[in-house]
Amino acid sequence: MKQQKRNTICVQGGWKPKSGETRVLPVYQSTTFKYDSSDEMGMLFDLEKSGYFYTRLQNPTNDYVAAKIAELEGGVAAMLTSSGQAASFYSVFNICETGDHIVSASELYGGTFNLFAVTMKKMGVDVTFVNQNDPEEELEKVFRPNTKVVFGETIANPAGAVLDIEKFARLAHKHHVPLIVDNTFATPINCRPFEWGADIITHSTSKYMDGHALAIGGAIVDSGNFDWDAYPDMFPGLTMPDESYHGITYAKKFGKLAYIQKATAQIMRDLGSIQSPQNAFLTNIGLETLHLRMKCHCENAQKMAEYLRVHPKVAWVHYPGLPDDNYHTLAQKYLPDGSCGVLTFGIKGGRDNSIRFMDALELVAIVTHVCDARSCVLHPASHTHRQLSDEQLIAAGVQPDLIRFSVGIEDVDDLIADVEQALDKS
Ligand SMILES: *Cc1c(COP(=O)(O)O)cnc(C)c1O
């Protein structure tokens, strides 16, 4: 069949029922799977046959949803994880071990920043955060012989910085390492990082993919393009025998599927952050309307950004859709159909006025979340990023007065009316 368009994949990708099967993706609500012979199950444990045996490693509902996400991104394989955090961790830990080094854009989701700067550091994996807008010659300097991966976000949460994916891919590949891109905010509807050279994509499906704020989840997608065997000494986990699997070598045995196979068979087996099949089912319902919702989120956010930009009480607005935004040029290249529904702004008078404004909102709620149907706001300096020092806040692109506004899919006139009455009170 002809390569389908993304709108069609959103609705019908993944689960493709045969005659007489359920039209809707079924939930395989079972921890385990039954076999007729001991040999058959043994083959599964040896990875000699593909199949299901225990939901901590794999479940069919999850795999159909992962297949849909892989189709949307144009990847060869994907897996679901219990959260976006688990996806970020697994994506890196699948190729890094103690003594290795990560290069990451500093404009990052707060949780990912902590994961790299604190938790992975304790595990012996070192990170260097870079200013993603630095010229290539500058960025080159942070690479070390033990650098194993480059990481960045298509649109950084919350700063709205757009990553120059081609530049980052060039840098990564020059140093023989893969580029991992967190594509949560853009979603594959608005950006396909593989088309620009990224090797692996991560998602927090808790955001636009779910879209209804129902289920925490994550996903990892592999393009299948990175050649682990080209520099086999660099990625021993993929190119050397795995003693915990009778000495199989993932790159040799699974080729383009090696990365996701290893993450499933080894990392998921040992760490167990699987998404529950029920949550995968809910995520799939969200995916069915992702293309419609993204369009509406972007239209509403654009109107909201334009409204805020000229309001006398507003100090500044960042949204890649604004022509004078720092990231407008990059957004035109990587996000021609729109970026996302999240914008940031500050109110004149600083931090206290921003907080007074938020408390006065009625329709827009104060919520620790972004990217769902309902509009919400959050003050990163006092909420998501409160663990960061002022220096780290600035490096992550977060001013102390910054309000993160996730514009939903309500009628934008009602949203603007709510913002207007709250600005009057600030
Ligand atoms: C929310 C988020 C995460 C973490 O996802 P969870 O599902 O909350 O664990 C990672 N990256 C980005 C860009 C996010 O917005």
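Residues numbered from 1 in each chain as written. Predicted model: local features only at pLDDT ≥ 70, side-chain atom pairs only at ≥ 80, totals over all residues. Heavy atoms only, no water.

Turning our attention to the site of the ligand. By nearness alone, 13 residues border the ligand, and Gly-84, Asp-182, Ser-204, Ser-206 and Lys-207 come closest of all. Gln-85 places a main-chain nitrogen or oxygen 2.9 Å from an oxygen atom of the ligand. At 2.9 Å from an oxygen atom of the ligand is found a side-chain nitrogen or oxygen belonging to Asn-157. When the ligand sits alone it has 380 Å² of accessible area, and the protein chains cover 93% of it. Residue classes in the shell around the ligand are distributed as two nonpolar, eight polar and three charged. (Near = heavy atom within 4 Å. Polar contact = N/O pair within 3.5 Å; in protein donor to acceptor, adjacent residues only side chain to side chain. Areas by Shrake-Rupley, 256 points an atom, 1.4 Å probe, with all protein chains shown as cover. Nonpolar A, V, L, I, M, F, W, Y, C, P; charged D, E, K, R; others polar.)

A separate point is the sheet that holds strand E9 (residues 342–347). Strand order in this open sheet of five strands is E8-E9-E12-E11-E10, and the pairing throughout is mixed. One side of each edge strand has no neighbouring strand; the edge strands of this open sheet are strand E8 (314–318) and strand E10 (365–366). Examined bridge by bridge, E10 and strand E11 (residues 376–378) share two bridges and lie parallel to one another. Paired with Ala-365 across the bridge in E11 is Cys-376. The strands touched by helix H15 (residues 351–360) within the sheet are E9, E10, E11 and strand E12 (403–406), with E9 carrying the most contacts at an inclination of about 120°. (Pairing = 2+ DSSP bridges. Helix = DSSP H or I, 4+ residues; strand = E, 2+ residues; numbered from the N terminus. Contact = heavy atoms within 4.5 Å. Axes fitted to C-alpha atoms, helices over the stretch in contact; angles between N-to-C directions.)

What follows deals with the sheet that holds strand E7 (residues 218–222). For sheets, the rule is that strands pair by backbone hydrogen bonds, running either parallel or antiparallel. Strands sit in the order E1-E7-E6-E5-E4-E2-E3 across an open sheet of seven strands; the sheet is mixed. At either end of the open sheet lies a strand with only one pairing partner, and these are strand E1 (77–81) and strand E3 (126–130). Within the sheet, the average angular offset between the axes of one strand and its neighbour, ignoring direction, is 20°. Where strand E4 (residues 147–153) lies against strand E5 (residues 179–182), four bridges are found, and the strand directions are parallel. From the neighbouring strand, Val-150 faces E5, where its bridge partner is Leu-179. Against the sheet, helix H5 (residues 110–122) touches strand E2 (101–105), E3 and E4, its axis set at about 150° to E3. Packing against the sheet, helix H7 (residues 165–174) makes contact with E2, E3, E4 and E5, and its axis sits at approximately 150° to E5.

A side chain of one charge can pair with a side chain of the opposite charge if their charged atoms are brought near each other. The final tally for this structure, using the stated rule, is 16 salt bridges. Among the ionic pairs, Asp-126 bridges to Lys-121, the shortest N-O distance being 3.5 Å. A residue is classified by how much of its surface remains accessible, and Lys-121, at 42% relative accessible area, is partly exposed. A network of salt bridges, in which partner residues are shared, links Lys-121, Asp-126 and Arg-144. (Salt bridge = Lys/Arg side-chain N within 4 Å of Asp/Glu carboxyl O. Buried < 20%, exposed > 50% of the residue type's maximum accessible area, 1.4 Å probe, protein only.)

On to the packing of helix H13 (residues 290–309) against helix H17 (residues 412–425). Two elements in contact, H13 and H17, have axes separated by 10 Å at closest approach and are oriented at 30°. The orientation of H13 relative to H17 falls into the category roughly parallel. For the pair H13 and H17, the crossing hand works out as right-handed. Contacts between H13 and H17 involve Asn-300, Lys-303, Met-304, Tyr-307 and Leu-308 from the former and Val-412, Leu-415, Ile-416, Val-419, Glu-420 and Leu-423 from the latter. Of the residues in the contact of H13 with H17, the class split is eight nonpolar, one polar and two charged. (Parallel < 35°, antiparallel > 145°, perpendicular 65-115°, else oblique. Left-handed = near helix turned anticlockwise from the far one by under 90°.)

On to the domain arrangement of the chain, then. Examined at the domain level, the chain breaks down into domain 1 (8–285) and domain 2 (293–425). Domain 1 and domain 2 are separated by 29 Å when their C-alpha centres are compared. Listed by partner, the interface residues are 36 residues for domain 1 and 35 residues for domain 2. Interface of domain 1 and domain 2: buried area, both sides summed, is about 2,900 Å²; carbon and sulfur atoms make up 61% of it. (Domains from an automatic or database assignment. Buried area = accessible area lost by both parts, 1.4 Å probe.)

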